[in-house]
6 protein chains.
Amino acid sequence: MSTPLPAEALVGIPGGTLITKTPEEGRALAMLIARHTIHQIQPDLDILKAGRPGYSADPAMLTAASQVVAIEFQTIAAANNYWR
Amino acid sequence: MSTPLPAEALVGIPGGTLITKTPEEGRALAMLIARHTIHQIQPDLDILKAGRPGYSADPAMLTAASQVVAIEFQTIAAANNYWR
Amino acid sequence: MSTPLPAEALVGIPGGTLITKTPEEGRALAMLIARHTIHQIQPDLDILKAGRPGYSADPAMLTAASQVVAIEFQTIAAANNYWR
Amino acid sequence: MSTPLPAEALVGIPGGTLITKTPEEGRALAMLIARHTIHQIQPDLDILKAGRPGYSADPAMLTAASQVVAIEFQTIAAANNYWR
Amino acid sequence: MSTPLPAEALVGIPGGTLITKTPEEGRALAMLIARHTIHQIQPDLDILKAGRPGYSADPAMLTAASQVVAIEFQTIAAANNYWR
Amino acid sequence: MSTPLPAEALVGIPGGTLITKTPEEGRALAMLIARHTIHQIQPDLDILKAGRPGYSADPAMLTAASQVVAIEFQTIAAANNYWR
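Okay, so let's go over this structure.

What counts, and at which threshold
- Residues numbered from 1 in each chain as written.
- Chains lettered and ligands numbered in written order.
- Predicted model: local features only at pLDDT ≥ 70, side-chain atom pairs only at ≥ 80, totals over all residues.
- Heavy atoms only, no water.
- Helix = DSSP H or I, 4+ residues; strand = E, 2+ residues; numbered from the N terminus.
- Contact = heavy atoms within 4.5 Å.
- Areas by Shrake-Rupley, 256 points an atom, 1.4 Å probe, with all protein chains shown as cover.
- Lys, Arg positive; Asp, Glu negative; His and termini not counted.
- Charge placed at Lys NZ, Arg CZ, Asp CG, Glu CD.
- Salt bridge = Lys/Arg side-chain N within 4 Å of Asp/Glu carboxyl O.
- Buried < 20%, exposed > 50% of the residue type's maximum accessible area, 1.4 Å probe, protein only.
- Nonpolar A, V, L, I, M, F, W, Y, C, P; charged D, E, K, R; others polar.
- Axes fitted to C-alpha atoms, helices over the stretch in contact; angles between N-to-C directions.
- Parallel < 35°, antiparallel > 145°, perpendicular 65-115°, else oblique.
- Left-handed = near helix turned anticlockwise from the far one by under 90°.
- Polar contact = N/O pair within 3.5 Å; in protein donor to acceptor, adjacent residues only side chain to side chain.
- Core = buried A, V, L, I, M, F, W, Y, C linked by side-chain atoms within 4.5 Å.
- Least-squares fit on C-alpha atoms with pLDDT ≥ 70 in both.

With that out of the way, let us pick up the overall build of chain A. Check the secondary structure of chain A and you find three helices and zero strands. The N-to-C order of helical and strand elements in chain A reads α-α-α. Here the C-alpha coordinates of chain A stretch approximately 45 × 30 × 15 Å along the principal axes. Excluding contacts between residues fewer than 6 apart, the proportion of contacts in chain A whose partners are at least 24 apart in sequence is 72%. Carbon and sulfur atoms provide 63% of the accessible area of chain A, an area that totals close to 3500 Å². Both charge centroids of chain A, one from 6 positive and one from 7 negative side chains, sit 8 Å from each other.

In structure tokens, the structure reads:
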């Protein structure tokens with residue numbers, strides 16, 4: 001038995017574009033894209049929830065996750081010409 | 001004994017191009033390229049299947065996999081001039 | 001029970017821009033963005049504080065954290081045309 | 001006693017150029033460059049072969065290897081102006 | 001009790017610029033920036049010294065540290081237009 | 001007691017330039033820069049030699065080292081405009 005994630009949690013690029021109005025929105029998009037990638041690889045909410053407590057209290061995991069967000073943000077920032 | 005993957009799972013760049021119509025398709029391509037690289041290194045489906053349950057329930061592994069997708073996506077997004 | 005971080009610690013891009021006057025300010029922003037990403041994933045101050053002593057005395061963790069800062073700085077430096 | 005790899009397995013950039021006709025060939029080159037780097041660091045075939053079974057059945061190792069290929073491919077794709 | 005690092009060891013970008021005369025100076029700056037990031041996260045010299053022997057004799061740690069330097073150098077090399 | 005590395009093994013950018021005639025020479029330079037970074041962090045040859053057997057027979061270590069070379073090569077390839 002498993003609890004599938006809703007369809008909107010499985011979209012690769014929420015909103016369908018890398019262009020955002022502000023750096024803050026671009027950062028939020030980077031975080032969202034990183035999360036949705038995890039959803040696409042593991043779409044069972046129960047398994048994701050089971051891993052969450054250990055994951056989010058482990059500094060090594062938090063650092064690894066923040067690195068993925070940093071890489072996604074590089075792409076989004078370049079797409080937006082750094083909101084210059 | 002081993003179960004070889006079908007030939008199409010071993011293609012490096014499915015579709016033969018980095019150009020896609022939308023960011024969503026570009027993201028799907030990034031995921032596919034990342035998967036096919038794994039297939040090229042380990043083309044035995046039985047071994048891949050055996051590793052899947054542990055892999056996809058382990059937050060560290062999911063994070064590592066999502067980082068590879070993020071890197072592949074950087075390349076695809078640049079190729080498409082960020083779909084601006 | 002948990003101690004939530006203050007709202008300003010949860011901003012993705014403090015100051016709302018990637019543009020800074022000097023490389024030194026850009027570096028400080030990279031460090032801040034990296035920290036705030038951690039905050040966004042784990043907004044409970046108690047859990048963050050509990051992990052801090054082990055984290056900040058472990059060379060592997062310090063190295064991993066410094067890599068995230070290096071990646072964020074790449075983005076900020078490019079945004080500022082390297083302060084040339 | 002050791003079994004040295006043949007000279008052609010130790011070339012850093014097989015073919016001597018980053019330019020390829022197609023993305024598929026570029027991807028194959030990325031994989032080859034990644035492998036040859038391993039060969040250059042460890043040129044004893046016996047040691048490489050001994051590590052192979054454990055390596056290629058370990059999802060963490062496969063993911064790490066695919067990340068190296070992704071990074072090499074970034075370089076090759078840029079060199080080829082993304083085969084646009 | 002702790003031994004704080006001197007103020008100059010906590011500067012993010014020593015010299016206040018990414019521009020250097022030579023690649024060799026750029027490389028030294030990359031190394032310095034990487035070290036100062038560690039200092040900023042962990043400013044207690046005693047803790048840093050305690051970790052040093054294990055750290056600097058562990059090939060995995062040395063490799064991880066050298067990767068951070070490589071990433072910092074990418075930024076510095078781009079800032080200097082590769083000293084072409 | 002320790003055996004210091006010779007001075008030339010401690011140069012950050014051997015040859016003093018990122019420009020090379022061929023991709024093959026660029027790749028060799030990437031490998032050399034990666035090695036010299038290790039030397040700069042750990043300049044005692046005895047410690048380096050002690051770590052070598054375990055390091056060079058461990059697929060995870062070889063993969064990590066090859067990733068550093070891949071990152072250094074990105075910089076060198078860009079510096080040389082990809083030898084186009």
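Overall, the coordinates contain six salt bridges over all chains when judged by the stated rule. R27 of chain E is paired through a salt bridge with E72 of chain F; the nearest N and O atoms lie 2.7 Å apart. Highlighted residues: R27 of chain E in helix α1 (residues 23-41) and E72 of chain F in helix α3 (residues 59-79), drawn from two different chains. For R27 of chain E, a relative accessible area of 1% translates into the label buried. Assessed through its relative accessible area of 1%, E72 of chain F is described here as buried.

Before going further, it helps to examine the interface of chain B and chain D. Reports often express the size of an interface as the amount of accessible area lost when the parts come together. Between chain B and chain D, the contact holds 29 residues from the first and 25 residues from the second. Taken together, the links from chain B to chain D amount to one salt bridge. At the level of elements, α1 (23-41), α2 (45-56) and α3 (59-79) of chain B are the ones that each hand at least two residues to the side of chain B that touches chain D. The dominant element in the side of chain B that touches chain D, judged by the number of residues it contributes, is α3 of chain B, at 11 residues. Residue composition of the side of chain B that touches chain D, by class: 17 nonpolar, 11 polar and one charged.

This part is about the environment of Y82 of chain B. Within the element layout of this structure, Y82 of chain B appears in the segment after α3. Note on Y82 of chain B: relative accessible area 16%, which makes it buried. Sequence spacing of Y82 of chain B and P23 of chain B is 59 residues, and the spatial spacing of their C-alpha atoms is 7.7 Å. Apart from residues no more than four positions distant in its own chain, Y82 of chain B is found in contact with L18, T75, A78 and A79 of chain A together with A77 of chain B.

This next bit is on the packing of helix α1 (residues 23-41) of chain C against α1 of chain E. α1 of chain E packs onto α1 of chain C with a crossing angle of 55 degrees between their chain directions and a minimal axis gap of 12 Å. In terms of axis orientation, α1 of chain C runs oblique to α1 of chain E. Handedness of the α1 of chain C/α1 of chain E crossing: right-handed. On α1 of chain E, the residues touching E24, R27, M31 and R35 of chain C of α1 of chain C are I33, T37, Q40 and I41 of chain E.

Residue and element names in this part refer to chain E. Topologically, L32 is positioned in helix α1. By relative accessible area, which is 35% here, L32 ends up partly exposed. As a C-alpha pair, L32 and E72 span 40 residues in sequence and 9.6 Å in three-dimensional space.

What follows deals with the interface of chain D and chain F. Tallying the contact residues gives 29 residues for chain D and 25 residues for chain F. The interface formed by chain D and chain F includes one salt bridge. Across the contact surface, chain D and chain F share 11 residue pairs in polar contact (both at pLDDT 80 or more). Element by element, the count of residues in the side of chain D that touches chain F is highest for helix α3 (residues 59-79) of chain D, at 11 residues. Along the lines of polarity and charge, the residues of the side of chain D that touches chain F split into 17 nonpolar, 11 polar and one charged.

Take the nonpolar core next. Grouped together as the largest cluster of nonpolar side chains are 162 residues, with contacts concentrated most on L18 of chain A, L18 of chain B, L18 of chain C, L18 of chain D, L18 of chain E together with L18 of chain F. Apart from residues no more than four positions distant in its own chain, L18 of chain E is found in contact with F73, A77, Y82 and W83 of chain C together with I13, L29, I33, T75, I76, A79 and N80 of chain E.

For the rest of this paragraph, the subject is the relation of the copies chain B and chain D. Mapping chain B onto chain D leaves a residual RMSD of 0.0 Å; the transformation is a rotation of 60 degrees accompanied by 0.0 Å of translation along its axis. Interpreted geometrically, this transformation is the action of a six-fold axis. Relative to the rotation axis, the C-alpha of I71 of chain B is the closest in chain B, positioned 7.1 Å from it. Of all interface residues in chain B, a mere 17% are interface residues in chain D too; the two copies therefore contact each other through different surfaces.

Between the two copies, chain D and chain F, the superposition gives an RMSD of 0.0 Å; the rotation angle is 60 degrees and the shift along the axis is 0.0 Å. Interface residue correspondence from chain D to chain F reaches only 17%, placing this contact among heterologous pairings that use different surfaces.

On to unusual backbone geometry, then. Residues and elements named next belong to chain B. Despite not being glycine, N81 has its phi angle at roughly 50 degrees, a positive value. Tracing the chain through its elements places N81 in the segment after α3. The phi angle at Y82 is positive, at roughly 60 degrees, despite the residue not being glycine.

Its place among the elements puts S66 of chain D in helix α3. One polar contact links the side chain of S66 of chain D to the main-chain carbonyl oxygen of T63 of chain D, over a distance of 2.8 Å. Not counting residues up to four positions away in its chain, the partners in contact with S66 of chain D are T37, I38, I41, V68 and E72 of chain B.

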